[in-house]
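What follows is each chain in one-letter form.
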Amino acid sequence: MTAFKIGLLGPSRVGKTSLVTALISEGQQLLAGSGVAMLPDGRATEDKIADNWEQLQGDLLAGEFTPGNLRGTMEPFYFRLALDPGVPGARIGIELLDFPGGWLAGRGRSAHSESDWDACRSFITRSTALLVPIDAALLMETYEKQHVKLLPKHLTTTQVESVAREWAIERNRRPHEPALIAFAPVKCEAYFNDNGGLRNKSHLLRQKFDEVYGGVVAAVRAEAPHAQLLYTPVDTLGCVEMVKSDWVLNEAGDWTFDAKYRVRRDRKISRMGVDDLMTAVSQQLIQGKRTMTADESADLIQRAQQAQDLADRSEGFFRDVLMWLNRERQARREAAGRQDREAQEAVRRLQSLDTVLEKIATRKFGPRVQRL
Amino acid sequence: MRAYLRTRGTNRDYDFIGSGPAEYWWRDYHDRDLTDPEKPVILAESTGPTWRIYLQGVESDRSDYRGTPIVYGLVLEGDAADETGLAHGIVGEWLSSITTASAAPGKALDQALGPVDPLLETGDREEGEAVVRAVFSPTGQATEDESGGDLGAIEPESRRTMADPDAEDDPARWLGDIESEESQAAFLAVVAGLLGGRAGRAVILTYAESAGDVSALAEDERGDLAVLVARPNREIVEGRRPLGKAEPVHPQPVGRTPHLRKRNGPANRRGQSIPVEPRRRQSIMVPPTLLVAMVCLASGVLAVLAWEVLPASDDPPRPAPTVTVTQTVVVKERVTVGPTPQPD
């Protein structure tokens, strides 16, 4: 099974793991009716999702959500999934790499972390789709100049731009392959009024995003003009309301940002924007798989034709007699038949995949999504 | 024995103090869908002469800048001649801490380490090791550092006695539940054996809940193998389940002729040979009439050749074949080195 790679690019504690688990958890129901199913591939992924879900549920029951309660990542973790378009032999493997966000910042990376980060960077640049989670609260709740100055450091925009540029260059070397970069502001509950929120500050959020991430967007657009760039704000939980956010000077003399959330009465997770992100990713992956299957079927058809030509070709009287005697001719005909059946199977798979792709492609993005 | 202590500071991400081990071998357990190395686990491996142990998940009293509780991780490496008593004590204490949620080791480490951020930035591995040795010292006495500070050793009452590694001669191969005290004690006994020079593994696996989940590991590991399953929401495993001894990968076939042996396929991971389809033999099917005709034809050709080639006794001798000799003439050119003579 071919595995497509999806890269994550965000600083420490932005909510990379939560975004991935949200994507996977919602994936199954979001794709319902499209003929495509998303399944965890292996116990590690299955348990990680369950673990994150339990932690979130615990917070919601307690009535207070503190992003800090979710443990950070200390080891790289490969989420392995299977996207099943319902076409035999066309299952798509997906790998998402979650890594300690501190590796991106690079400050004080140890020798081993350095080599780990090299492996992560290589994975990211080879990814078909790149997700860039952004802390919406950090972006929106920073007003004072002394704190605004710290935004690039806390959002690691310089590092994000550098890696995103590398990714775009690599994508540009493969213009026939799909390429998607999705900027996903997370924890957006306080800035939209379409999911239980009272105020709509979505325009301001977009404006701040443009100010801070304009360089990243420009770099990707310049290096990979064919790449699809999306802005997909996400409510990671949906049922929380931000009650307090603050910049605090800690004991070590560093400014840190923290936000506290209150759980709304219904205490029911109601994610928003995740479906759009999932749709965009699925479209890219199925398109990629379709391209691969098309190449594969073209190759198989060509081979089948060659095999048929070989089976029919006359090798001269005596050789033909010899081939008849040692059954070589029969073997050649059997091989030609076999290859023809394989080619026909690939063509059928391609046609079915086209049907699925058409269904997903017709799904429209929600009003939050903007093309960049 | 070498100890590598891993934790995070208020601002600094998780890392080993000073430097980490050369190889991050515990990640293999995650790659094989066996355990989450970020969860409270113990992974002990021994080749016989050398051993290494990965311990993770003792909770610190500290929290990071966002209020997230911090945990400790520890990697120990050594050989059978090392202070295995100390290593075993650490494993016992760690196991006790992660099964009873005891805060004692974490608190003791916090107290002994002091501010962690500067240590992660500029500290040496030896500093971390010194703290580990002080906190888990077998005497249970609080050790004083050079400045006279109390490094805060944990209470000895919570220590478990080191099991006798020679208690059993046969390899210990079983699977138990981390909730079972009996299995915990047996686990520590296996660890003692590994530290004492026996080859094998003693591991806590967070993705495993039954013997079927560890079958690949059981096949790979030939020596001792103690597995404590710790998957959340599992059905508790009663007692200890034998894991069986791993079979040789390529068993000698018995009672087969050499001819048949050649046809055997490669052995699978359980050592059973995989049947393969017999190779298709290229055969020529010649009809008998055609065979007779071919024999007659061949005889005729031979007769003609014999008539043409073999001379009759009264025939004159045949002339010798004409051989044309081509003579190659090599013309040697005289080459004059120096100024070209000018014509008069």
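Just so we're clear, the structure is a prediction, and the values are computed from it rather than from any experiment.

So, how was this worked out
Residues numbered from 1 in each chain as written. Chains lettered and ligands numbered in written order. Predicted model: local features only at pLDDT ≥ 70, side-chain atom pairs only at ≥ 80, totals over all residues. Heavy atoms only, no water. Pairing = 2+ DSSP bridges. Helix = DSSP H or I, 4+ residues; strand = E, 2+ residues; numbered from the N terminus. Contact = heavy atoms within 4.5 Å. Axes fitted to C-alpha atoms, helices over the stretch in contact; angles between N-to-C directions. Salt bridge = Lys/Arg side-chain N within 4 Å of Asp/Glu carboxyl O. Buried < 20%, exposed > 50% of the residue type's maximum accessible area, 1.4 Å probe, protein only. Phe/Tyr/Trp six-rings, centres within 6.5 Å; stacked < 30°, edge-to-face > 60°. Lys NZ or Arg CZ within 6 Å of the ring centre and 35° of its normal. Parallel < 35°, antiparallel > 145°, perpendicular 65-115°, else oblique. Left-handed = near helix turned anticlockwise from the far one by under 90°. Nonpolar A, V, L, I, M, F, W, Y, C, P; charged D, E, K, R; others polar.

**Considerations on the sheet that holds strand β9 (residues 241-242) of chain B**
Residues and elements named next belong to chain B.
So, point 1. Taken in spatial order, the nine strands make up an open sheet running β2-β1-β5-β4-β3-β7-β8-β6-β9, and their pairing is mixed. At either margin of the open sheet sits one strand with a lone partner, and together these are β2 (15-16) and β9.
So, point 2. Where strand β4 (residues 50-63) lies against strand β5 (residues 69-79), 10 bridges are found, and the strand directions are antiparallel. In the strand pairing of β5, Val58 is matched with Tyr72.
So, point 3. Together, β3 (41-46), β4, β6 (173-177), β7 (200-205) and β8 (224-229) form the strand contacts of helix α6 (residues 181-195), whose direction differs from that of β7 by roughly 145°.

**A few points about the pattern of salt bridges**
So, point 1. According to the stated counting rule, one finds 46 salt bridges over all chains in the structure shown.
So, point 2. With a closest N to O distance of 4.0 Å, A:Asp258 and A:Lys260 form a salt bridge.
So, point 3. Here A:Lys260 falls in the partly exposed class, since its relative accessible area comes to 33%.
So, point 4. Connected through salt bridges with shared partners, the residues A:Arg43, A:Glu46, A:Asp47, B:Glu209, B:Asp213 and B:Arg231 form a single ionic network.

**Some thoughts on the packing of aromatic side chains**
So, point 1. Under the defined criterion, the tally for this structure stands at 15 aromatic pairs over all chains.
So, point 2. Geometrically, the ring pair formed by A:Phe77 and A:Phe79 is edge-to-face, given 4.8 Å between the ring centres and 65° between the ring planes. Each member of the pair, A:Phe77 as well as A:Phe79, carries the same accessibility label: buried.
So, point 3. Taken together, the ring pairs connect B:Phe16, B:Tyr24, B:Trp25, B:Trp26 and B:Tyr54 into an aromatic cluster.
So, point 4. Geometry around A:Phe77 places A:Lys48 over its ring, the cationic atom sitting 4.6 Å from the centre.
So, point 5. Positioned above the aromatic ring of B:Tyr4, the side-chain terminus of B:Arg125 is 5.3 Å from the ring centre.

**Quick notes on the packing of helix α2 (residues 84-100) of chain B against α6(B)**
Residues and elements named next belong to chain B.
So, point 1. Axis separation between α2 and α6 bottoms out at 10 Å; the angle between their running directions is 155°. Taken together, the axis directions place α2 and α6 in an arrangement best described as roughly antiparallel. Here α2 and α6 pass one another in a crossing that is right-handed. Taking contact as the criterion, the partners of Thr84, Ala87, His88, Val91, Gly92, Leu95 and Thr99 in α2 are, on α6, Gln184, Phe187, Leu188, Val191, Ala192 and Leu195.
So, point 2. Along the lines of polarity and charge, the residues of the contact of α2 with α6 split into eight nonpolar, five polar and no charged.

**Quick notes on helix α3 (residues 104-113) of chain B**
All names here are of chain B.
So, point 1. Of all 10 residues in α3, seven are buried; the element is thus mostly enclosed.
So, point 2. Among all positions in α3, only Pro105, Gly106, Ala108, Leu109, Asp110, Ala112 and Leu113 are buried.
So, point 3. One or two residues past the end of α3 sits Gly114, with phi positive at roughly 75°.

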